[in-house]
Amino acid sequence: MIQSLQGIGMTSLRTRERMINRLMDQGISSNKILDVMRNTPRHIFMDEALASRAYEDTALPIGYNQTISQPYIVAKMTELLLASSDRLTKVLEIGTGCGYQTAILAQLVDHVYSVERIAPLQKKAKDRLWGLKLKNVSFLHSDGGWGWPDHAPYDGILVAAAPPEVPVMLLQQMAVGGVMIIPVGNGGSQQLQRITRTENSYEVEKLEPVVFVPFLSGRK
Ligand code: SAH
């Protein structure tokens, strides 16, 4: 097991660099984010059988009908989130999944609060982050539609599953000046949105078309 992971680790230096070059071609320009993605082993976030495909630009299954987001979308959402401020102190992530996006965020902001509705997925993600010594992350097993009111307001919220409409509780948990990056829509047609909370209102920017798994209610 260890040997096979080491084997992947060796080749992944080259394949990881290819992933970074691809991200740059796709328009990701933040060196900070590219460095973090270069240095974070994406293959440990998936089953061994798929680990050799970890650096391809594609979403891959992580069990329970869920997928790890493709590298481009992780980079893009992170870039949109960080563009709002030099320093984000508290970021709420909805949809821990395998924990890869969580790991990237944890290296770029002060603290990540990550909510997931499927307990075994979150447990594995927790173990992986611990293994990478990323300790500025708190986890909650819950329906992310409720957000995580105990730690609100957040200066950033990143949602990794698509609801038909932006959940009101999440809007309420944004700090003034804070941003939320969220895919909105149903299976057929979703759109990435950046929402900024102003003194008395919310600004909505509609960005590119995207494909995410659906935002589901309840816990499992
Ligand atoms: N960034 C993650 C994305 C995983 S897919 C990764 O790269 O692995 C989206 C995740 O959102 C899934 O794990 C799914 O279970 C979770 N999810 C969907 N609806 C949710 C909800 N209402 N609350 C919390 N998590 C939710």
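Position numbers for residues count from 1 along each chain, tracking the sequence in the order it is written. Only residues with pLDDT of 70 or above have their local features reported here, since the model is predicted, and side-chain atom pairs are shown and tallied only from 80 upward, although totals for entire chains, interfaces and linings are computed over all residues. The side-chain figures draw on all heavy atoms in the structure; neither hydrogens nor water molecules are used.

### What to know about the pattern of salt bridges
Note the following rule: Salt bridge criterion: a side-chain nitrogen from Lys or Arg within 4 Å of a carboxyl oxygen from Asp or Glu. The numbering of helices and of strands both runs from the N terminus, where a helix is a DSSP run of H or I of at least 4 residues and a strand a run of E of at least 2.
According to the stated counting rule, one finds seven salt bridges in the structure shown. Between Asp110 and Arg87 there is a salt bridge whose closest N-O contact spans 2.5 Å. With Asp110 in the loop between helix H4 (100–106) and strand E4 (111–116) and Arg87 in the loop between helix H3 (71–82) and strand E3 (90–94), this pair connects stretches of sequence that are 23 residues apart.

### Thoughts on the site of the ligand
Test applied: Whether a residue is near a molecule or strand depends on its heavy atoms: it is near if one of them lies within 4 Å of it. Think of a polar contact as two N or O atoms within 3.5 Å of one another; within protein, one of them needs to be a possible hydrogen donor and the other a possible acceptor, and neighboring residues in sequence only count if both atoms come from side chains. Surface accessibility in these figures is a Shrake-Rupley result with a 1.4 Å probe; residues are shielded only by whichever protein chains are displayed. Under the scheme applied, nonpolar residues are Ala, Val, Leu, Ile, Met, Phe, Trp, Tyr, Cys and Pro; charged residues are Asp, Glu, Lys and Arg; polar residues are all the others, including Gly.
Surrounding the ligand, one finds 25 residues, the nearest of these being Cys98, Glu116, Asp143, Gly144 and Leu216. Arg117 is positioned such that a nitrogen or oxygen atom in its backbone is 3.4 Å from a nitrogen atom of the ligand. Residue Leu216 places a main-chain N or O atom 2.6 Å away from a nitrogen atom belonging to the ligand. Protein coverage of the free-state accessible area of the ligand, which is 570 Å², stands at 99%. Breaking the shell around the ligand down by element, the ones donating at least two residues are strand E2 (66–68) and E4. Considering each element in turn, the shell around the ligand owes the most residues, three residues, to E2. Class assignment for the residues of the shell around the ligand results in 13 nonpolar, nine polar and three charged.

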